[in-house]
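# Structure at a glance
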Amino acid sequence: MYLVITIDVEPDCSLSWLYSNPLTFDGVQIGIGEKLQPLFNKYNICPTYLINNVVMEDAKSVSVLLNLKGHFELGAHLHPEFIEPQKKYFDYSNKRGEMNECYLHEDVEFGKIKNITELFYKSFNRKPLSFRAGRFSAGVNTIKSLKKLGYKVDTSVTPHINWNDETRELPVDYSQAFEQPYFIAEDSILGKCDSDCNILEVPVSIAKIKKIFRNEKLIWLRPVYSTYEQMIDLIKHYQKKYKHYDFIVVNMMFHNIELIPGKSPYTKSEEECREYMKLLEKFMVFCLKERIESVNLSKLYDISHDKKIKKN
């Protein structure tokens, strides 16, 4: 079994997800630099930080990420309104990422992914290999663009979820998505492909779990959304459900700003942040005891690629 931890890296926000005013980056400088990465190093965890362009445009945040110690991967995270072409906001303060990139014209979406890819290279002197669409809003054109630009992995799919609310033009429906990683078909982000030269989808771990005498419940591998006991239930559920697989993957996601009080809707106080850190540490101890190996997204691509070659 493999554990991937995928972290959306954003500027500091308010309790309603509006970017801070003035713009601040405590979630990078303290949340990642002083809290998360030292904790990951303690337990030999290799996270993937998925960084949006607003963070990449902040020199101090880029410096923090360039000077992190330990094992990790840096990838890209796109909120379309903050980057050209057809950039909507130039002053990011007090703004919120609401656009769904899968509804953009194919050329516009490609231009935005190309621009964040080039900004990533300028910031970190390497090409990003992993990607997550803001608001989990990836579609078939997203995957085509990623393939053209040399990415290996997408992690935008949320199984069992149909994102359909008043802030979306149309639903983003992942309700029929696979729970385990798969190489994506040419014509559908939800379709599997036999070719291992395509983009690997690594879905966020979300399971439908039924307890005795209780209704079926959706459980995320995500702090705040789930208790420690629920996250362990999800892992055991996957171990049983996919025991015939060559390997099983669990993908935990959260935001860097959830480690800083008042910078997201989820942790409003120092005490809540301390409990959050305790939950993460307890979960890591469990993974260590269970010999669940931590890998980043591009390493998981290599593992999946090698397994496919051996089968063929």
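Everything numeric in this text was worked out from a predicted model, so none of it was measured.

With that settled, the discussion passes to the overall build of the protein chain. Check the secondary structure of the protein chain and you find eight helices and 13 strands. Here the protein chain has a C-alpha radius of gyration of 18 Å; the compact-globule value for 312 residues is 20 Å, and the two agree. Dimensions of the protein chain, computed from C-alpha atoms along their principal axes, come out at roughly 50 × 45 × 40 Å. Residue burial in the protein chain is summarised as follows: out of 312 residues, 56% are buried. Within the protein chain, contacts between residues separated by at least 24 positions form 70% of all contacts whose residues are at least 6 apart in sequence. For the protein chain, the exposed surface amounts to about 14000 Å²; the carbon and sulfur share of it is 50%. The centroid of the 43 positive side-chain charges in the protein chain is displaced by 5 Å from the centroid of its 42 negative side-chain charges.

Of the two faces of strand S4 (residues 130-133), the one lined by Ser130 and Arg132 and the one lined by Phe131 and Ala133 are each fully buried. As paired elements, strand S3 (residues 73-78) and S4 share three bridges and run parallel to each other. From the neighbouring strand, Leu78 faces S4, where its bridge partner is Ala133. After leaving S3, the chain enters helix H4 (residues 106-124) and then returns to the sheet as S4, a path that is right-handed. As judged from the two bridges shared by S4 and strand S5 (residues 153-154), these two strands associate in the parallel manner. Pairing of Ser130 across the sheet is with Val153, part of S5.

In this structure the tally under the stated criterion is 18 aromatic pairs. Here Tyr2 and Phe247 contribute two aromatic rings whose centre-to-centre distance is 5.5 Å and whose plane-to-plane angle is 75°, an arrangement assigned as edge-to-face. Of this pair, Tyr2 sits in strand S1 (residues 2-9) while Phe247 sits in the loop between helix H6 (228-241) and strand S12 (249-255), and the two are 245 residues apart along the sequence. As far as the burial class goes, Tyr2 and Phe247 line up, both buried. Between Tyr238 and Tyr242 the ring centres are 5.6 Å apart and the planes differ by 80°, which places this aromatic pair in the edge-to-face class. Note on accessibility: Tyr238 and Tyr242 belong to one class, buried. Above the ring of Phe110, the side-chain terminus of Lys148 is found at 5.4 Å from the ring centroid. One Lys or Arg, Arg222, reaches over the ring of Tyr225 and ends 4.0 Å from the middle of that ring.

Attention now goes to the nonpolar core. The biggest cluster of nonpolar side chains holds 84 residues, and the ones touching the most others in it are Tyr49, Ile51 and Phe254. The leading source of residues in this core is helix H7 (residues 270-289), at eight residues. Aside from chain neighbours lying at most four places away, what touches Tyr49 is Ile7, Val9, Ile32, Leu36, Gln37, Phe40, Leu68, Phe72, Glu73, Leu74 and Gly75. Counting 13 residues, the second largest nonpolar core, distinct from the first, contains Val153, Phe183, Val295 and Ile303.

A few words on the pattern of salt bridges. Enumeration according to the criterion identifies 12 salt bridges in this entry. As a salt-bridge pair, Arg96 and Glu98 come within 3.2 Å of each other at their nearest N and O atoms. With a relative accessible area of 33%, Glu98 lands in the partly exposed category.

Below, the discussion takes up the side chain of Glu101. Locating Glu101 in the fold gives a position in the loop between S3 and H4. Although Glu101 is buried, it forms no salt bridge, and the closest oppositely charged side chain is Lys112 at an N-O distance of 9.5 Å. Once residues lying within four places of it in the same chain are set aside, the contact partners of Glu101 are Leu78, Pro80, Glu109, Ile113, Phe131, Ala133, Gly134, Ser137 and Thr142.

Rules and cut-offs
Residues numbered from 1 in each chain as written. Predicted model: local features only at pLDDT ≥ 70, side-chain atom pairs only at ≥ 80, totals over all residues. Heavy atoms only, no water. Helix = DSSP H or I, 4+ residues; strand = E, 2+ residues; numbered from the N terminus. Rg over C-alpha atoms; globule rule 2.2 N^0.38 Å. Buried < 20%, exposed > 50% of the residue type's maximum accessible area, 1.4 Å probe, protein only. Contact = heavy atoms within 4.5 Å. Areas by Shrake-Rupley, 256 points an atom, 1.4 Å probe, with all protein chains shown as cover. Lys, Arg positive; Asp, Glu negative; His and termini not counted. Charge placed at Lys NZ, Arg CZ, Asp CG, Glu CD. Pairing = 2+ DSSP bridges. Right-handed = clockwise from strand over helix to strand, strands pointing away. Phe/Tyr/Trp six-rings, centres within 6.5 Å; stacked < 30°, edge-to-face > 60°. Lys NZ or Arg CZ within 6 Å of the ring centre and 35° of its normal. Core = buried A, V, L, I, M, F, W, Y, C linked by side-chain atoms within 4.5 Å. Salt bridge = Lys/Arg side-chain N within 4 Å of Asp/Glu carboxyl O.

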